[in-house]
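Commentary on secondary and tertiary structure
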Amino acid sequence: MEAILKDPGGAVIGLDFDGTLAPIVPDPASARIHPEAPGVLAELGAHVAAVAIVTGRPAATVLELGPGLADVPGLVVLGHYGFERWEGGRISAPPPPAGVPRAEAELPLLLSSLGLSDVTIEDKGRAVAVHTRRAADPEGALAALREPLARLAAEHDLVLEPGRMVLELRPPGMDKGQALGLFLAERAARSVMFVGDDLGDLAAFDAVAGSGLPGVTVCSGSAEVALLAERADIVVDGPEGVVALISELASAVSRS
Ligand SMILES: O=P(O)(O)OC[C@H]1O[C@H](O[C@H]2O[C@H](CO)[C@@H](O)[C@H](O)[C@H]2O)[C@H](O)[C@@H](O)[C@@H]1O
């Protein structure tokens, strides 16, 4: 944190979206960014090398669920764990993976054979997620799905990404750690901070440690993911705590 405060112009600030900037809600389509987040990120973005949202969501979805984000100076959104990039209103991405629609077509039969008609499918385009948060027994459904979905993913050259009451089938070859590491190199960062809440953010924490830069990891704390809090330098209380921390940081760098 000291390095960021001393030399904000060299700092890259990376943040996850769901559970970090947007409170967790039962329906993924109803998630919305914390109302104060775009404002505090805009204030911070004016002083640092870059603000990057590194997310499992499609980049365009983050812009839809985060009205005001497009006004954050120099914002980059690395969507689909880094496969997609939104910058200055434009999205770049490789061609969509063929295995995703094939796996998705098999899901309804698989779920009904497991007696799990109360889980929900999120079609993400380049990935497909199975959510258990609204099931009668969210933890039980998650456990029952883990092996069958891992097999389905492997059959279609995909990987299984576990998260908060969600299992996602997505293409291999990229994670938040690689995405953040590449971005730090591209921006010749001199320090880094990463804020996350879920298992997929551990790779980004590793990237902070492996970058060789002065870095700080922050966990947006919840009762659901203990591991991230154990690994973080700082733990704050969910998106409310993240906004407060970013606000303090923005005020401090604007004075420096
Ligand atoms: O990398 P992230 O930005 O954290 O995205 C990870 C997944 O987030 C979403 O699911 C999570 O948030 C939902 C809305 O609050 C919640 O209902 C669900 O239980 C959480 O797992 C999103 O729906 C997934 O596609 C993202 O991969």
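Residues numbered from 1 in each chain as written. Predicted model: local features only at pLDDT ≥ 70, side-chain atom pairs only at ≥ 80, totals over all residues. Heavy atoms only, no water.

Test applied: UniProt positions are given in the numbering used here, feature names are shortened, and annotations may be inferred rather than shown by experiment.
Looking up the protein chain in an unreviewed UniProt entry gives the name Trehalose 6-phosphate phosphatase, with the organism given as Nonomuraea indica. According to the UniProt record, the Pathway (unreviewed entry) comment for the protein chain is "Glycan biosynthesis; trehalose biosynthesis." Listed under Sequence similarities (unreviewed entry) in UniProt, the entry text for the protein chain is "Belongs to the trehalose phosphatase family."

Topic: the pairing of strand β2 (residues 50-54)
Cut-off, in case you're wondering: Throughout, exposure labels follow a simple rule: accessible area from a 1.4 Å probe, protein chains only, divided by the maximum for the residue type, with under 20% read as buried, over 50% as exposed, and the rest as partly exposed. A run of DSSP states H or I qualifies as a helix once it reaches four residues; a run of E qualifies as a strand once it reaches two. Both are numbered from the N-terminal end. For two strands to be treated as a pair, DSSP must find at least two bridges joining them. Whether a crossover is right-handed comes down to one check: with the strands pointing away from the viewer, does the path from the first strand over the helix to the second run clockwise; if it does, it is right-handed.
Of all five residues in β2, five are buried; the element is thus mostly enclosed. Where strand β1 (residues 11-15) and β2 come together, four bridges link them in parallel fashion. Bridging from a neighbouring strand, Gly14 pairs with Ala52 of β2. Taking the sense of rotation as the criterion, the β-α-β connection linking β1, helix α2 (residues 37-45) and β2 turns out right-handed. Summarising the sheet, β2 and strand β3 (residues 76-79) pair through three bridges and their orientation is parallel. Across the sheet, the residue bridging to Val54 is Leu78, located in β3. A crossover connection joins β2 to the parallel β3 through helix α3 (residues 59-65); in handedness this β-α-β unit is right-handed.

Remarks on the sheet that holds strand β12 (residues 234-236)
The strands that make up a sheet are held in pairs by hydrogen bonds between backbone atoms, and each pair lies either parallel or antiparallel. So the rule is basically this: As a rule, the C-alpha atoms of each element are fitted with a line to give its axis, helices using only the stretch in contact, and angles between N-to-C directions run from 0 to 180 degrees. Residues are treated as being in contact if the distance between any of their heavy atoms lies within 4.5 Å.
Within the open sheet, the eight strands sit side by side as β5-β4-β3-β2-β1-β10-β11-β12. Their pairing is mixed. Only two strands of the sheet have a single partner each, and these edge strands are β5 (90-92) and β12. The average undirected angle you get between the axes of adjacent strands in this sheet is 20 degrees. The sheet contact formed by β1 and strand β10 (residues 191-196) spans five bridges and is parallel. In the strand pairing of β10, Gly14 is matched with Phe194. Against the sheet, helix α6 (residues 176-186) contacts β1, β2, β3, β4 (84-87) and β10, and its axis sits at roughly 165 degrees relative to β2.

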